[in-house]
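Observations on the three-dimensional arrangement
Spelled out, the chains give:
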Amino acid sequence: ATSAEVNRTSDISARVVTTTATALTLSVTEHAERVVLVNTNSTVANTLTLPAASGTGAKFTIINGIAQTQGSIVVAANGTDVFVGGVHISDTTAETAMGFLTSATSDKYTFNLTTMGGLKADKFEAWDVAANTWQVQITAFGSGTLATGFAAT
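First, a word on what this report is: a plain description of the structure on this page.

Here is what the cut-offs are and how they apply
- Residues numbered from 1 in each chain as written.
- Predicted model: local features only at pLDDT ≥ 70, side-chain atom pairs only at ≥ 80, totals over all residues.
- Heavy atoms only, no water.
- Helix = DSSP H or I, 4+ residues; strand = E, 2+ residues; numbered from the N terminus.
- Rg over C-alpha atoms; globule rule 2.2 N^0.38 Å.
- Buried < 20%, exposed > 50% of the residue type's maximum accessible area, 1.4 Å probe, protein only.
- Contact = heavy atoms within 4.5 Å.
- Areas by Shrake-Rupley, 256 points an atom, 1.4 Å probe, with all protein chains shown as cover.
- Lys, Arg positive; Asp, Glu negative; His and termini not counted.
- Charge placed at Lys NZ, Arg CZ, Asp CG, Glu CD.
- Pairing = 2+ DSSP bridges.
- Phe/Tyr/Trp six-rings, centres within 6.5 Å; stacked < 30°, edge-to-face > 60°.
- Axes fitted to C-alpha atoms, helices over the stretch in contact; angles between N-to-C directions.

Regarding the overall build of the protein
Assigned secondary structure in the protein consists of two helices and 12 strands. A compact globule built from 153 residues would reach a C-alpha radius of gyration of about 15 Å, and the protein, at 15 Å, matches this within 12%. Judged by the C-alpha coordinates and their principal axes, the protein covers about 50 × 35 × 25 Å. For the protein, with 153 residues in total, the buried portion stands at 40%. In the protein, 69% of the contacts between residues at least 6 apart in sequence involve partners at least 24 apart. Only carbon and sulfur atoms are counted for the fraction: they give 56% of the accessible area of the protein, which is about 7100 Å². For the protein, the distance from the average position of its 7 positive side-chain charges to the average position of its 11 negative side-chain charges is 5 Å.

A few points about unusual backbone geometry
Phi at glutamate 95 is positive, roughly 55°, even though this residue is not glycine. When its relative accessible area of 73% is taken as the criterion, glutamate 95 is described as exposed.

What about the pairing of strand S6 (residues 72-76)?
For S6, the buried fraction is high: five of the five residues fall into the buried class. Burial of S6 is two-sided: the residues Ser72, Val74 and Ala76 facing one way and the residues Ile73 and Val75 facing the other way are all buried. Where strand S4 (residues 45-49) lies against S6, five bridges are found, and the strand directions are parallel. By the bridge assignment for S6, alanine 45 is matched with serine 72. Taken together, the four bridges between S6 and strand S9 (residues 108-111) define a ladder with antiparallel strand orientation. Looking at S9, one finds that alanine 76 is bridged to lysine 108.

A short note on the packing of aromatic side chains
Tallied over the full model, the rule gives four aromatic pairs. Through pairs of rings, three or more aromatic residues link up here, namely Tyr109, Phe111 and Phe150.

Focus on the sheet that holds strand S11 (residues 133-142)
The strand order across the open sheet formed by seven strands is S1-S3-S5-S10-S11-S7-S8, and the pairing between neighbours is mixed. This sheet does not close on itself; its edge strands, each paired only once, are strand S1 (16-19) and strand S8 (97-101). If you compare each strand with its neighbour and ignore which way they point, the axes differ by 15° on average.

Okay, here's the thing in structure tokens:
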């Protein structure tokens, strides 16, 4: 293992990376094997872009750290990468839940603050499993008629 890899997995003091940026390009060095805590509540889409998938096994965890009241949170793949996996959304008002799978072209997920999650404490996990492929597992908290946030750009 390289010293950067050892530091990334062993440095407990840097486990949580908090961001208030409305656009953030994630990197293996700064964000893999850590929790990226999104503490931004802006009127625009807060977009986080994963690095290109190449099969490194790197894991990215993104958590919505505050109650969102405007805008949205978008997690996007890079270039021709796609997501495989699914989302489990719980309705915070009706106490129901639904699950949705990715399609063959899914390369982004949008937490829209209602039907697709984004209310608070949502979690997006992605593993770099192969070239151009991110394995994703999402837990979201929404309201209303729940819907998938997966889409192709």
